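Survey of secondary and tertiary structure
Here's the letter readout for the chains.
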Amino acid sequence: MLPTQRTAARSLGRIRVQSITQGPAVVHTPRTPGRSGQARTLASTWNIPPETRRIACPMRVSTYRGLATAVSMDTSSSKKPHFDKILIANRGEIACRVIRTAKKLGIKTVAVYSEADAQSLHVLEADEAYCIGPAPSAESYLRMDKIVEVCHKSGAQAVHPGYGFLSENAKFAERLAEEGIVFIGPPSNAIISMGSKSESKNIMSAAGVPCVPGYHGINQDPEFLFTEAEKIGYPVLIKAIHGGGGKGMRVVSIPSEFVDALESAKRESLKAFGDANVLIEKYIECPRHVEVQVFADIFGGVVSLWERDCSVQRRNQKIIEEAPAPGLSPELRADLSDKAVAAARAVNYVGAGTVEFIFDNDTQKFYFMEMNTRLQVEHPVTEMITGLDLVEWQLEVAAGNRLPLAQSSIPLVGHAFEARIYAENPRNDFLPDSGRLVYLSTPTPTHVFAPPLPPRGEELLEPLRRVPDTSTAITPSLRLEQGFTEGAQIGVFYDPMIAKLVVHGRDRTEALRMLRRGLEEYKVVGVSTNIEFLRTLAGHDAFIEGDVETGFIKKHRSQLFPQVLDPSPEVLAQAALYVILRDQIDPLALTSPGPSPWVSLGAQRFGGDVYERTVTLSKDETSAVPIIVTLKYTSPNHFDIAVDGSSPTTFNSVSASLTSPTTLAAFSTKTTIISQSPPPAVPVSTSPNSMERLHLFSADGTKTTLTLPPPAWLLSLDGDVLGAHKGALRAPMPSLVVEVRVSPGQRVDKGQPVVVLESMKTETVLRAEVAGVVKAVGCTKGEMVEEGRELVDIEEDVEGTR
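Residues numbered from 1 in each chain as written. Predicted model: local features only at pLDDT ≥ 70, side-chain atom pairs only at ≥ 80, totals over all residues. Heavy atoms only, no water.

A closer look at the overall build of the protein
As a reminder of what qualifies: Where helices and strands are cited, they refer to DSSP runs of H or I of at least four residues and of E of at least two residues respectively, numbered from the N terminus. Three exposure classes are used, based on accessible area relative to the maximum for each residue type with a 1.4 Å probe and protein chains only: buried under 20%, partly exposed in between, and exposed over 50%. The criterion used for residue contact is that any of the two residues' heavy atoms lie within 4.5 Å.
Summing up its helical and strand segments, the protein has 20 helices and 42 strands in all. Within the protein, the proportion of its 802 residues that are buried is 55%. The long-range share in the protein, meaning contacts at least 24 apart out of those at least 6 apart in sequence, stands at 67%.

This is the structure in structure tokens:
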């Protein structure tokens, strides 16, 4: 298990945490020379003609350092030193990832954070940290002026943007260059060309790379776009021309859905990327998502670091990735890599980039989709099969150095998977969740970085035509990329990803076995997660065979979401044993060196009576039927147990003990059991949210959540204030109200959109569950609402129809 916030803070007590929100005006002064003592040359990349950008040429001398691609164009073999200090303009696991590489290289780091992230792990791990504004991204992580101000105040020479936020913002790259700060990324003209999905497709079409049929122009009139969709033919895909991660993307199957989907996609795109423009494409219904990692330097060197398969997605966002892509022939791998390298050369690309393709499983044809001009979330799987540190490569290129390896020398060894751990509820349409990480236990990482692999020694006639090396003996490895520790708060303002679990094995079978084992050992309490869903997915026969597509979840939904079975009598008995043992035992006795009389005396009573207790449990759902478990003490650490319910069961002389405050030894196994108290402000009721929860993790990672219902006398005092009639619509998660479409007295039909919410940068439309008249509206546009808040009350028609 990784360190907690407290231990991390203790080990990093030297950190200067500062705020610039009310700091003095900063006078921009030239940067000091680098460690070499030599002045750096600078030229704004967008002003360098393409034919001269990659060759040595005389330039004006400046002590500033501009874009990564604008550092000295000297073609000599001397290696330039790394930066002394860099700023990471991001948060979460990617900020921590960049900090780790910087520390390895002896580079000092500067973190920026919002008020909501004041105690975040990236703030604790950086050498310096500065608050740049309130929680909303637009007031903090998207504030270019504040980030530039921190650069000057801290002396940071370069900015690593991570992914998301400002990572693909050309204006940000240009602003940094104007301030004499290096942008660790591509030149702004490449960001503009490839960051625009419409322009990039035009460039690829001109280069002979096939593209999906669609409209990629600038006319954004809704009626015009509707007409274009009619020409293309349904289903169509509405997609934001900037950004990624599934934001601003909607699949439309029928014409009547187009207008609402277009408005929603534009609104989401504007909030996520600051640009509401979209393109319309034919939606290919059974594709794979295959992407190629490319890297380029300022001297014209461009290489492919092989492909990744990111087909398994939900809400148009990847959740599990692997490298290399399963089932590709060496010829097809070479063709994909060749097209990706050509795409990078076409825009004079520099740095890390990813060229994404839609791949047709049946025809083996691929179509250019887009290019992400940044480091991808899933870059660790590429690191694992190549043995490289891609962040280190970024820093090398940004310092003005050549790519560390030629194409023939880049390894392609074994197989790797990455599983994204999200705070979300897969059974509730993967809606994001938020809250405090009450308990977090992770598999033990074997490595912090990718285990090094020896580069290939011989030159290859066809360096891109490669077969993955599965014969080299390698030790299976596991990495964790996370930005949160136990006790951290998963908020509503940012992406709900908690961590990434990355594994590497000799071949796909071994790597998949490592992935399943890692997911079994990953335990989270406090928010809903997709861990159990990922375990089910990783064990699905089609996934094991590599038969993947972007519609994988929809296609195999019944197997991926099997019926939730009632907890077994054994699980109910374990929960009841935990309750009585924790109540009997002094927790200090579990760690004390000698036996405690409170443990050894057992439960014998005066007069020979034997201790007996009844524990009431229920499933974690509304209207669950209580289950009675009766336990009778028979001898030290032994109990007779009777479980009531649909199948009454008895267990005789069960040996049970608590080996730690969270570990029950019973039924010849050890079970992790975590108690979660209800929020103190929630009144007592029959709602599961108002009860103590017990989370039981079996040896195979299966999680069962039970509740301890309050006694009847306590319920009678408070009443069930959370009960509601059929027409009440409640917030499914903490959210921002984007739009309220009804008002009191208005008549609505069943299924009619009523309220639009936003959480974790994702929009959710709440629809009327009954036909009737709006009795009350309990929210307003722009308001933050908590989970369970009643937003709209609809009085159902007597007949249920208008």
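Observations regarding the packing of helix 8 (residues 222-232) against helix 9 (residues 258-273)
A pair of packed helices can be characterised by two numbers: the angle between their axes and the separation between those axes. So the rule is basically this: Geometry is summarised by axes, namely lines fitted to C-alpha atoms with helices restricted to the contacting stretch, and by angles between N-to-C directions that run from 0 to 180 degrees. We call two directions roughly parallel when the angle between them is under 35 degrees, roughly antiparallel when it is over 145, roughly perpendicular when it lies between 65 and 115, and oblique otherwise. When the near helix sits turned anticlockwise from the far one by under a right angle, the crossing is termed left-handed; a clockwise turn instead gives a right-handed crossing. The classification used treats Ala, Val, Leu, Ile, Met, Phe, Trp, Tyr, Cys and Pro as nonpolar, Asp, Glu, Lys and Arg as charged, and all other residues, Gly among them, as polar.
Two elements in contact, helix 8 and helix 9, have axes separated by 11 Å at closest approach and are oriented at 120°. Comparing the axis directions of helix 8 and helix 9 gives the class oblique. The way helix 8 lies across helix 9 gives a crossing that is right-handed. On helix 9, the residues touching Pro222, Leu225, Phe226 and Ala229 of helix 8 are Phe258, Leu262 and Lys266. A per-class count over the contact of helix 8 with helix 9 returns six nonpolar, no polar and one charged.

Remarks on helix 11 (residues 379-386)
Of all eight residues that make up helix 11, eight are buried, and the element is covered over most of its length. Among all positions of helix 11, only His379, Pro380, Val381, Thr382, Glu383, Met384, Ile385 and Thr386 are buried. Backbone geometry just after helix 11 places glycine 387 at a positive phi near 75°.

Description of the side chain of histidine 556
Relative to the elements of secondary structure, histidine 556 occurs in the loop between helix 16 (552-555) and helix 17 (557-560). We classify histidine 556 as buried; its relative accessible area is 11%. In this structure histidine 556 touches His540 and Ala542, once residues within four positions along its chain are discounted.

Topic: the packing of aromatic side chains
The line we're drawing: In this scheme Phe, Tyr and Trp rings, the latter by its six-membered ring, pair at centre separations within 6.5 Å, and the angle between planes marks the pair as stacked below 30 degrees, edge-to-face above 60, and tilted otherwise. Whether a charge sits over a ring depends on NZ of Lys or CZ of Arg being within 6 Å of the ring centre and within 35 degrees of the ring normal.
Per the counting criterion, the structure on display carries 17 aromatic pairs. A ring pair is formed by phenylalanine 430 and phenylalanine 533, whose centres lie 5.2 Å apart and whose planes are at 80°; its orientation type is edge-to-face. Here phenylalanine 430, found in the loop between strand 19 (424-425) and strand 20 (431-432), pairs with phenylalanine 533, found in helix 14 (residues 531-538); they are 103 residues apart in sequence, far enough to count as distant. Taken as a pair, phenylalanine 430 and phenylalanine 533 share a single burial class, namely buried. Aromatic pair phenylalanine 651 and phenylalanine 667: ring centres 5.1 Å apart, planes at 80°, arrangement edge-to-face. Residue phenylalanine 651 is found in strand 30 (residues 649-660), and its partner phenylalanine 667 is found in the loop between strand 31 (663-666) and strand 32 (669-676); the two are separated by 16 residues along the sequence. Every member of this aromatic cluster is reached through a ring pair, and the members are Tyr141, Phe165, Phe493 and Tyr494. One residue, lysine 104, lies across the ring of phenylalanine 449, its end atom 4.3 Å from the ring centre.

So, the pattern of salt bridges
A side chain of one charge can pair with a side chain of the opposite charge if their charged atoms are brought near each other. Selection criterion: For this analysis, a salt bridge means a side-chain nitrogen from Lys or Arg found within 4 Å of a carboxyl oxygen belonging to Asp or Glu.
Within this structure, the stated rule accounts for 50 salt bridges. Here glutamate 228 makes a salt bridge to lysine 231, at a shortest N to O gap of 3.3 Å. Note that glutamate 228 and lysine 231 are positioned in helix 8 at a spacing of three residues, about one turn of the helix. On the basis of relative accessible area, glutamate 228 is assigned to the buried category, the value being 12%.

Details of the nonpolar core
Cut-off, in case you're wondering: Working definition of a nonpolar core: buried Ala, Val, Leu, Ile, Met, Phe, Trp, Tyr and Cys residues. They are joined through side-chain atoms within 4.5 Å.
Judged by nonpolar contacts, the single largest core of 111 residues is most densely connected at Ile86, Leu87 and Leu515. Apart from residues lying up to four places away in sequence, leucine 515 is in contact with Ile320, Phe417, Ala419, Leu501, Val503 and Ala538. The next biggest cluster of nonpolar side chains, apart from the first, holds 32 residues, and it includes Ala573, Phe651, Leu658 and Leu706.

Some points on the sheet that holds strand 36 (residues 735-740)
For clarity, the cut-off: Two strands make a pair as long as DSSP finds a minimum of two bridges between them.
Across the sheet, which stays open at both edges, the four strands sit in the order 39-38-36-41 with antiparallel pairing between neighbours. The two strands at the open ends of the sheet, each matched to only one other strand, are strand 39 (762-767) and strand 41 (784-785). As defined by bridge partners, strand 38 (residues 753-759) adjoins strand 39 across six bridges and the pair is classed as antiparallel. Residue glutamate 758 lies in a different strand from strand 39, and its bridge partner there is glutamate 763.

Side note on the sheet that holds strand 8 (residues 236-240)
Strand-to-strand pairing in sheets goes through backbone hydrogen bonds, with the strands running parallel or antiparallel. One open sheet accounts for four strands, arranged 7-10-8-9; its pairing is antiparallel. Only two strands of the sheet have a single neighbouring strand rather than two, namely strand 7 (214-215) and strand 9 (249-252). Relative to strand 10 (residues 278-282), strand 8 is paired through five bridges, and the arrangement is antiparallel. When the bridges of strand 10 are listed, leucine 237 appears paired with glutamate 281. Strands in contact with helix 7 (residues 197-206) are strand 8 and strand 10; relative to strand 10, the strand with the most contacts, it is inclined by about 50°.

Some details on the packing of helix 5 (residues 170-178) against helix 6 (residues 188-195)
Direction vectors running N to C along helix 5 and helix 6 enclose 180°, while the axes themselves pass 8 Å from each other. Taken together, helix 5 and helix 6 sit at an angle that is classed as roughly antiparallel. Across the interface between the two elements, Ala170, Ala173 and Glu174 of helix 5 pack against Ser188, Ile191 and Ile192 of helix 6. In the contact of helix 5 with helix 6, the residues fall into four nonpolar, one polar and one charged.

Digging into the confidence of the model for the protein
Detailed reading of the predicted coordinates is not advisable wherever pLDDT falls low. Applied cut-off: Each residue carries a pLDDT score, the predictor's confidence in it, ranging from 0 to 100.
Mean pLDDT over the protein stands at 85; residues scoring 70 or higher make up 83%. Segment residues 595-601 is flagged for pLDDT under 50; beyond a separation of four residues in sequence, or across chains, it makes four contacts in the model. This model gives residues 719-724 a pLDDT under 50, and the stretch forms 13 contacts once residues within four places in sequence are excluded.

Some details on unusual backbone geometry
Put simply, tyrosine 234 and proline 235 share a cis peptide bond, and its omega is 0°. Put simply, alanine 323 and proline 324 share a cis peptide bond, and its omega is -5°. Phi at serine 653 takes a positive value of approximately 50°, unusual for a residue other than glycine. With respect to the helices and strands, serine 653 occurs in strand 30.

Things to note about the pairing of strand 2 (residues 85-88)
Along a regular strand, successive side chains alternate from one face of the sheet to the other. Here is the rule we go by: Whether a crossover is right-handed depends on one test, that the path from the first strand over the helix to the second runs clockwise when the strands point away from the viewer.
Going residue by residue along strand 2, you find Lys85 and Leu87 tucked away on one face and Ile86 and Ile88 tucked away on the opposite face as well. Sheet topology note: the strand 2/strand 3 (residues 108-113) ladder contains four bridges and is parallel. In the sheet register, isoleucine 86 faces strand 3, and the bridge partner there is threonine 109. Assessed by its sense of winding, the connection that carries the chain from strand 2 through helix 2 (residues 92-104) to strand 3 is right-handed. Taken together, the three bridges between strand 2 and strand 5 (residues 158-160) define a ladder with parallel strand orientation. From the neighbouring strand, isoleucine 86 faces strand 5, where its bridge partner is alanine 158.

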